[in-house]
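# Architecture and fold: a report
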Amino acid sequence: MSQPASRLPLLQRPSWKALAAHHDEVRQLHLKDLFAGDAGRGERLTLSAGDLFLDYSKNRVTDRTLALLLRLAQEAGLEERIRAMFNGEKINATEGRAALHVALRAPAGSTVLVDGRNVVPEVQAVLERMTAFANRVRAGQWTGHTGKPIRNLVNIGIGGSDLGPVMAYEALRHYSERSLTFRFVSNLDGSDFLEATRDLHPAETLFIVSSKTFSTLETMTNANSAREWLIAGLGGDPKAVARHFVAVSTEAEKVTAFGIEAANMFGFWDWVGGRYSMDSAIGLSTMVAIGPDHFRSMLRGFHRMDEHFRTAPFAENMPVLMGLLSLWNTNFLGAETAAVLPYEQYLKRFPAYLQQLTMESNGKHVTREGRPVEYQTSPIYWGEPGTNGQHSFYQLIHQGTRLIPCDFIAFDHPLVPLGRHHDLLLANVFAQARALAFGKTAEEVEAEGTVARLVPHRVFEGNRPSNVLMADRLTPAVLGQLTALYEHLVFTQGVVWDIDSFDQWGVELGKALAMSIIPDLEGGAEPTLGYDSSTNNLIRRYRASKARSPG
Ligand SMILES: O=P(O)(O)OC[C@H]1O[C@H](O)[C@H](O)[C@@H](O)[C@@H]1O
């Protein structure tokens, strides 16, 4: 009896083999030919989901490519895996956990089960507590140790406990309470803490210590420095901590041991991965900044995309399609990276946020069963807001030797109109996507009267794929949809690649080694070093330099 396709290794599945053969047939096709042969392509290969509009026509695909990619998703058992995720099954197998970020934005009154327990009431209860806290701070009713209202909030966290809050704060700054100051400290490098707090007064400053595990070296080190800074600035009274620290964590005991009262802790659950947590209590700083109503609206946006992902047929399913197109670019066209280029200054941290979401999720080298993968997994994500990127690295995207698929993100309306700016900005989005796809031939360059010697330098071969993602304007709900779109795109790819998208063992080795090296740097007596000769030498050199000029 033949096995179901989803049991076969990816490279042996019929759709993968068909795609490989198909790739041989279409590799010479240029986007110019695809557009010339189909007058309606630019309207046809588009899709709306919620408030988002996607033009994917400038990908190097034919209708057959798309059909085969959709079959690939089917053969991977994507439908069943989506169901498993939404049903709270322990799809994060290596950590024995569900990956249920969708429950964080499930509407009040709905049911999402984890181990037979409906978690929605707990999620809603935390949201209610966050709301009460946010309202108090925003109204100036949360006073510090000296009785002054809190005006500054400093989120201390790293990875998923930082990137989501920073990204969302920047993205939704237009909606934020401008009388409050928000800062984000993540790096173990003390400069980060020092620069973030140098102009703040402790009496008006509240720290949100955000850490799922409440044991991350960076966050705990920064939180301890924050405590010292606060106590020193408020006359040395340790009791000051109570009114100036709140915590967001899954680890209640560790939070209390740090000296933060249980009443000032906002919880979440082990089924929320760090990089999927910006809509949990980790979003506390976001809620204080934009207010509970806007935060709820962001959650509704996430949920809208969840429902689209859960119910739309694959051919009209935006995360599925984008995930498959990116997989086509990676596994068949050989793209090693993917650029995310928001033409919206408020989204300036979106590429950094996506780096953790995509690469920590899908940067994996073995299948779920632990066999080495025989294909590339996550591409390297990077990007900067347009138009800045155009004046630095776009040269390589247009004329370099590598294929860099691009996601352009743009909005019909700016949040604050200013003269001609928006039309000029959008003209650049459309121009870039067009230039990448269609390029400029030697004949066209010659026809402009270019001297022969310069012609090759001015040729653009084109045929470089891109997506254009658009929405009316950047609202909290749109940000939720956009973020969930990429979350589910990552999920789609992880299912096809047959990897665990929800663990991150790759960050452990370096962490553990650092812990063993710390005493070798801090100890007074010369340590006996048992590392390799390079590490030993670096440690000795550093110790000698410190000894010569301490501090
Ligand atoms: O929230 P925390 O427990 O402090 O973890 C912060 C971050 O550090 C870890 O090393 C992981 O790589 C990230 O996924 C996580 O978001």
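Residues numbered from 1 in each chain as written. Predicted model: local features only at pLDDT ≥ 70, side-chain atom pairs only at ≥ 80, totals over all residues. Heavy atoms only, no water.

## Notes on the nonpolar core
Ranked by internal contacts, the top residues of the largest apolar core, which has 125 residues, are Trp271, Phe350, Leu479 and Tyr486. Here this core takes 12 residues from helix α19 (residues 476-497), the largest share from any one element. Leaving out residues up to four positions away in the same chain, leucine 479 has contacts with Met167, Ala168, Ala171, Leu172, Met278, Met298, Leu347 and Leu474. Within the second largest apolar cluster, 24 residues are counted, among which are Val154, Ala196, Ile231 and Phe245. (Core = buried A, V, L, I, M, F, W, Y, C linked by side-chain atoms within 4.5 Å. Buried < 20%, exposed > 50% of the residue type's maximum accessible area, 1.4 Å probe, protein only. Helix = DSSP H or I, 4+ residues; strand = E, 2+ residues; numbered from the N terminus. Contact = heavy atoms within 4.5 Å.)

## Thoughts on the site of the ligand
Near the ligand you find 14 residues, and of these Ser161, Ser211, Thr213, Thr216 and Glu360 are the closest. Between serine 211 and the ligand, the recorded distance is 2.6 Å, taken from a side-chain N or O atom to an oxygen atom. Separating an oxygen atom of the ligand from a side-chain N or O atom of threonine 213 is a distance of 2.6 Å. When the ligand sits alone it has 390 Å² of accessible area, and the protein chains cover 89% of it. A breakdown of the residues in the shell around the ligand according to their chemical character gives two nonpolar, nine polar and three charged. (Near = heavy atom within 4 Å. Polar contact = N/O pair within 3.5 Å; in protein donor to acceptor, adjacent residues only side chain to side chain. Areas by Shrake-Rupley, 256 points an atom, 1.4 Å probe, with all protein chains shown as cover. Nonpolar A, V, L, I, M, F, W, Y, C, P; charged D, E, K, R; others polar.)

## A closer look at the UniProt feature "active site" (unreviewed entry) in the protein chain
UniProt marks Glu360, His391 and Lys511 with the feature "active site" (unreviewed entry), using the numbering shown here. A maximum C-alpha distance of 37.0 Å shows the annotated residues, which cover 152 residues in sequence, to be distributed over more than one spot. Within the secondary structure, glutamate 360 is located in helix α15 (residues 350-362). Leave out the neighbours within four places in its chain, and glutamate 360 touches Arg275, Gln355, Asp503, Gln504 and Val507. For glutamate 360, the side chain forms a polar contact with the side chain of arginine 275, separated by 3.0 Å. By the secondary structure assignment, lysine 511 is in helix α20 (residues 508-522). According to the relative accessible area criterion, lysine 511 is partly exposed, its value standing at 44%. (UniProt positions renumbered as here; feature names shortened; annotations may be inferred.)

## What about the sheet that holds strand β1 (residues 46-49)?
Here six strands make up an open sheet; going across it, the order is β1-β2-β13-β12-β10-β11 and the pairing mixed. On the outer flanks of this sheet lie β1 and β11 (380-382), each paired with one strand and no other. Recorded for the sheet is a direction-independent mean angle of 20° between the axes of neighbouring strands. Pairing of strand β10 (residues 337-342) with strand β12 (residues 406-411) involves four bridges; the strand directions are parallel. Across the sheet, the residue bridging to alanine 339 is cysteine 406, located in β12. Packing against the sheet, helix α17 (residues 421-438) makes contact with β12 and β13 (466-471), and its axis sits at approximately 155° to β12. (Pairing = 2+ DSSP bridges. Axes fitted to C-alpha atoms, helices over the stretch in contact; angles between N-to-C directions.)

## A few points about the environment of alanine 98
Its location among the elements puts alanine 98 in the loop between α5 (78-86) and β3 (113-114). Residues alanine 98 and threonine 221 lie 123 residues apart in sequence; the distance between their C-alpha atoms is 30 Å.

## Re the packing of helix α6 (residues 120-138) against helix α13 (residues 292-311)
As a packed pair, α6 and α13 sit with axes 10 Å apart at the nearest point and diverge in direction by 145°. Taken together, the residues of α13 that come into contact with α6 (itself represented by Gln124, Leu127, Glu128, Met130, Thr131, Ala134, Asn135 and Arg138) are Pro292, Phe295, Arg296 and Leu299. Each residue belonging to the contact of α6 with α13 can be placed in one class, and the counts come to six nonpolar, three polar and three charged.

## Let's talk about unusual backbone geometry
The general pattern is negative phi for most residues beyond glycine and trans for most peptide bonds. Following glycine 386, the chain continues into threonine 387 via a peptide bond in cis, with omega recorded as 5°. Along the chain, the position of threonine 387 falls in the loop between β11 and α16 (394-399). Positive phi, normally seen in glycine, also occurs at phenylalanine 214, with a value near 50°. Its location among the elements puts phenylalanine 214 in the loop between β7 (205-210) and α9 (217-233). Even without being glycine, asparagine 463 reaches a positive phi, approximately 65°. Residue position: asparagine 463 is located in the loop between α18 (442-447) and β13.

## Section: the packing of aromatic side chains
Counting across every chain of the model gives 23 aromatic pairs. Note on phenylalanine 491 and phenylalanine 502: the rings are 6.2 Å apart at their centroids and 40° apart in plane angle, and the pair reads as tilted. A residue pair is termed long-range when its members are at least 10 positions apart, and phenylalanine 491 in helix α19 and phenylalanine 502 in the loop between α19 and α20 qualify at 11 residues. Comparing phenylalanine 491 with phenylalanine 502, the two get one shared label, buried. The structure contains a cluster of three or more aromatic residues connected by ring pairs, namely Phe193, Phe207, Phe214, Trp229, Phe245 and Phe258. Over the ring of phenylalanine 35 we find arginine 41, and its NZ or CZ is 5.3 Å from the ring centre. The positively charged end of arginine 129 is found above the aromatic ring belonging to phenylalanine 266, 4.8 Å away from the centroid. (Phe/Tyr/Trp six-rings, centres within 6.5 Å; stacked < 30°, edge-to-face > 60°. Lys NZ or Arg CZ within 6 Å of the ring centre and 35° of its normal.)

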